[in-house]
Amino acid sequence: MDAPVLVIHGGAGVERAGITPKEEADARASLEAALRAGHAQLKAGKPAMDAVAAAITVLEDAPQFNAGRGAVFTHDGKNELDASLMDGATGKAGAVAGVRRVKNPILLARAVMEKSRHVMMVGDGAEAFAREQRITLVDPSYFRTEKRWQQLQKALKEEASGQARLDRALNYFGTVGALALDAQGHLAAGTSTGGMTNKRYGRVGDAPIIGAGTYADARCAVSGTGWGEFYIRAAAAHEICARVKHAGQSITRAARGVINDDIPKAGGDGGAIALASDGTFVLPFNTEGMYRGWIGADGVPHVAVYATDALKGDALPAR
Ligand code: ASP
């Protein structure tokens, strides 16, 4: 695929039984809006990082996804948000974890990268920095949606009755991510999430951890979604790019190896999107569905949800 290219996901773990046709249609519309917002940046000659931030901001604002508004709830009934991004051209990165008042955590992660000497900030400190940087803060109630609240009530009930599906994708889905290849041939990656429903105090998943949920270098960019603990242990996003860089693997083989072999073998599940500097991209996952899409130079958005939906341009055949 010729540059520019933007590839996004809105989370693995989508199950047909878990969403209504209207919810699916709304999610697809938001994915298309995110693709168009990112594409507008690339078309204007802006760097890949601008496209990643623009696309993720749209998805954070859309209540269908588990990031920004519509984030899942912690065990204590709160929303604690994580996000990160990485610039493949410079190797710079920024991340935030456990923030409760930042409307768009991806913009704060970017400020950490560009306006501080640090890579990662958490909790109250990150919010103090957000205030300093005039990043938009909101009342924590802004993030609440009834659907996510009911998901927490269900998870709490299942846990109390000893029937918790701790091993299943039901506890997550809707994390968002974006990868871009700009006209200069530079890559960038970003990921944003509310984490996993019913997560305990201070739990941080893979999304804000550089190398686990997000990674980009000169040749490869990755954003992951799934059972974060497994992605952290596998250093999944970095592992995919390392196989491209050091083992000479194609991005398709590298991403498939980590997402379809290593993660399930270890007992985890989820998906990822991966984009190479030659414009090849691949969107593997091992759950029933993954919200995903891409847009190329012609500005036409392509979106898919289930494993059975073929996605034109995806290097992987639909299962
Ligand atoms: N990976 C995220 C986490 O573990 C969840 C997700 O992808 O939906 O926090």
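Check the entry above for the structure.
Parameters at a glance
Residues numbered from 1 in each chain as written. Predicted model: local features only at pLDDT ≥ 70, side-chain atom pairs only at ≥ 80, totals over all residues. Heavy atoms only, no water. Near = heavy atom within 4 Å. Polar contact = N/O pair within 3.5 Å; in protein donor to acceptor, adjacent residues only side chain to side chain. Areas by Shrake-Rupley, 256 points an atom, 1.4 Å probe, with all protein chains shown as cover. Helix = DSSP H or I, 4+ residues; strand = E, 2+ residues; numbered from the N terminus. Contact = heavy atoms within 4.5 Å. Disulfide = S-S within 2.5 Å. Buried < 20%, exposed > 50% of the residue type's maximum accessible area, 1.4 Å probe, protein only. Salt bridge = Lys/Arg side-chain N within 4 Å of Asp/Glu carboxyl O.

1. Notes on the site of the ligand
Turning to step 1, where the next piece is worked out: Within the structure, the ligand sits among eleven residues, and Thr175, Arg203, Asp206, Thr225 and Gly226 are positioned closest to it.
Turning to step 2, where the next piece is worked out: Arg203 is positioned such that a nitrogen or oxygen atom in its side chain is 2.8 Å from an oxygen atom of the ligand.
Turning to step 3, where the next piece is worked out: Thr225 is positioned with one of its side-chain polar atoms (N or O) 2.8 Å from an oxygen atom of the ligand.
Turning to step 4, where the next piece is worked out: A total of 270 Å² of accessible area belongs to the ligand in isolation, and the protein chains cover 100% of it.

2. A few points about the side chain of Gln151
Turning to step 1, where the next piece is worked out: Turning to its location among the elements, Gln151 is positioned in helix 5 (residues 146-160).
Turning to step 2, where the next piece is worked out: Those residues within four positions of Gln151 in sequence are excluded, and the remaining contacts are Val72, Phe173 and Thr197.

3. As for the state of the cysteines
Turning to step 1, where the next piece is worked out: In total, this model carries one disulfide according to the counting rule given.
Turning to step 2, where the next piece is worked out: One disulfide bridge connects Cys220 with Cys241, the sulfur atoms lying 2.1 Å from each other. Its torsion about the S-S bond being -80°, the disulfide of Cys220 and Cys241 is classed as left-handed. Highlighted residues: Cys220 in strand 8 (residues 220-226) and Cys241 in helix 7 (residues 236-246), separated in sequence by 21 residues. Pair check on accessibility: Cys220 and Cys241 agree, each one buried.

4. With respect to the pattern of salt bridges
Turning to step 1, where the next piece is worked out: Following the criterion strictly, the structure yields 16 salt bridges and no others.
Turning to step 2, where the next piece is worked out: When the shortest N-O distance is used, the salt bridge between Glu80 and Arg100 registers 2.7 Å. Within this pair, whereas Glu80 is found in the loop between helix 2 (48-61) and strand 2 (81-87), its partner Arg100 is found in the loop between strand 3 (93-99) and helix 3 (105-115), the two being separated by 20 residues in sequence.
Turning to step 3, where the next piece is worked out: In this structure Glu80 comes out as buried when scored by relative accessible area, which is 10%.
Turning to step 4, where the next piece is worked out: By relative accessible area, which is 31% here, Arg100 ends up partly exposed.

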